Structures are given as C-alpha cells and as structure tokens.
Amino acid sequence: MAKGNLFVVTAPSGAGKTTLVAALLAADSQVQLSISFTTRPPRAGEVDGKDYHFVDRTEFERMIAANELLEFAEVYGNYYGTSQVWINDVMDNGRDILLEIDWQGAEQVRRLFPTAIGLFILPPSLETLENRLRGRGKDSEEVIARRMAVAKEEVNHVDEFDFVIVNEHIDDAVRDIVAVVRAQRLTLARQSVRHTALISSLKG
Ligand code: 5GP
C-alpha cells in the first residue's frame, strides 16, 4: 500500500470547489494538487502549468494512445485528464494527492485505486447554485439552463463518494475539508504503514 492518500474532489460547477481546494492547499502543505491536462482554451488569468497543462487535441489523443493518462473524460466538448506518471512519482514519495475531476474521472480512479477517498462538494441550495451559475448576468437563459442540467447530472453521482461537504459558509467548508484530510491520515491502515517500526517497538 502506498504511504500517501489519494483524494478525489468532485462538485457541480457553482459549488465553490476551486476556492475550497485552494484554501485546503494553503492550510495543508502535505497535499499536492494534480495539474490536469486539457484541450479547453485558457480562460482570462489562467496560467499554463499552474491551472492546467493546456494542450491541443492531437497531443491529448497521443497521450491517450501512449497510456500516459490515469483517467480522462470529455466535459463540455473538451478533453480533461490526469497524468499517470506524475501520480506514481508522488505516491511513491508518500505525499497525499488531490485530484479535482468530474464524476466520470472519479469513477475511473475508484476502479484503479479502490482506497481513493472521494469528496463531493454541494452548494447549499438550488437557488444558490443558480445564482452562482448566472455569474455576471451576461449569459442567455438557454446557457444557464444547460449549466443547471449539467450540474444536476453531476449531483446524480453523489452516492458514489465517501464524504459530502455542503459549501454554505466557506470558512466552515474549509474546516470540513481540512478535517477530512487530517482524519484520513490517521486511519489504522495508513498509520500502520507510516509507523510500522514505532508500533512494533511498542507492542508487548
Ligand atoms: P473547467 O473547464 O471549469 O475548469 O472544468 C470543467 C470540469 O472538468 C470540472 O468538473 C472539472 O472538475 C473537470 N476536470 C478538470 N480536470 C479534470 C481531469 O483531469 N479529469 C476529469 N475527468 N475531469 C476534470
């Protein structure tokens, strides 16, 4: 068993996942975020290698064929995927890894790593979700309705996750995600691997 934990965080867009994950990373230096590869063009302010590794479809399809991806999915017509090589290196070093991926990717990861821990982030209400998806009010009703439908489709998969965090007040939600990560490091399975020598030296 690898020394590190593998956390998978999934949420409908509008649940505040990115803010929550950024706060977790700031609070806990043992967690390493996997930077996904995507064919989606960068949004304003996004940095290549920090937010995503931005690649074209040809390169992404080459990565699929070369088995360089742990999982991948097509979301809103763009490819998104997790680097296999990076994950193996970090896990071998005993660090915890966090993947911020959609439910389809989470399903693939669960199959490959049955001990992966799934966290699902929920908005506090349908109204909040809709308000967040409306953004700055520049999108058509059709676009908003489509985003709502996609968000609900994501929530249909909540039962496949181990932990559920309701992001009503960000400070509480940050405490919740930090607590889940810390508690997960203290399970017998993890501690037995990390402290084998200590435990055996203390046993009578
Ligand atoms: P966005 O384009 O808004 O950054 O992300 C759109 C969706 O793609 C989100 O649900 C996000 O979690 C998901 N996503 C981002 N990276 C990956 C990845 O590497 N694999 C999978 N399966 N989904 C991803």
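The following refers to the structure shown. Since the structure is predicted, the reported quantities are computational estimates derived from the model, not experimental observations.

Calculation criteria
Residues numbered from 1 in each chain as written. Predicted model: local features only at pLDDT ≥ 70, side-chain atom pairs only at ≥ 80, totals over all residues. Heavy atoms only, no water. Axes fitted to C-alpha atoms, helices over the stretch in contact; angles between N-to-C directions. Helix = DSSP H or I, 4+ residues; strand = E, 2+ residues; numbered from the N terminus. Parallel < 35°, antiparallel > 145°, perpendicular 65-115°, else oblique. Left-handed = near helix turned anticlockwise from the far one by under 90°. Contact = heavy atoms within 4.5 Å. Nonpolar A, V, L, I, M, F, W, Y, C, P; charged D, E, K, R; others polar. Buried < 20%, exposed > 50% of the residue type's maximum accessible area, 1.4 Å probe, protein only. Arc of directions from axis to C-beta. 1 Å grid on protein atoms, 1.4 Å probe; cavity = no way out; pocket = protein on both sides within 12 Å on 5 of 7 lines; lining within 4 Å. Points joined across faces, edges and corners; volume = space filled by probe spheres on them.

Time to look at the packing of helix H1 (residues 17-27) against helix H7 (residues 170-185). Between H1 and H7, the shortest axis-to-axis distance is 9 Å and the interhelical angle comes to 55°. Relative to H7, H1 is oriented oblique. The two elements H1 and H7 meet at a crossing, and its hand is right-handed. Contact residues: Thr19, Leu20, Ala23, Leu24 and Ala27 in H1; Ile170, Ala173, Val174, Ile177, Val178 and Val181 in H7. Of the residues contributing to the contact of H1 with H7, the split by class is 10 nonpolar, one polar and no charged.

Considered for burial, the residues of H1 that qualify are Lys17, Leu20, Val21 and Leu24. The buried residues of H1 occupy an angular sector of 95° when projected down its axis, which confines them to one face. What points out from H1, more than 90 degrees from its buried face, is the exposed set Thr18, Thr19 and Ala26. Close packing links the buried residues of H1 with strand S1 (6-10), strand S2 (31-33), strand S7 (96-100), strand S8 (117-122), strand S9 (163-166) and H7.

A separate point is the layout of surface pockets. Taken as a whole, the largest pocket encloses approximately 1,600 Å³ of empty space. Lining the largest pocket are 47 residues, with Ser13, Thr18, Arg40, Arg43 and Tyr52 sitting closest to its centre.

These results come straight from atomic positions and should not be treated as a statement about function.
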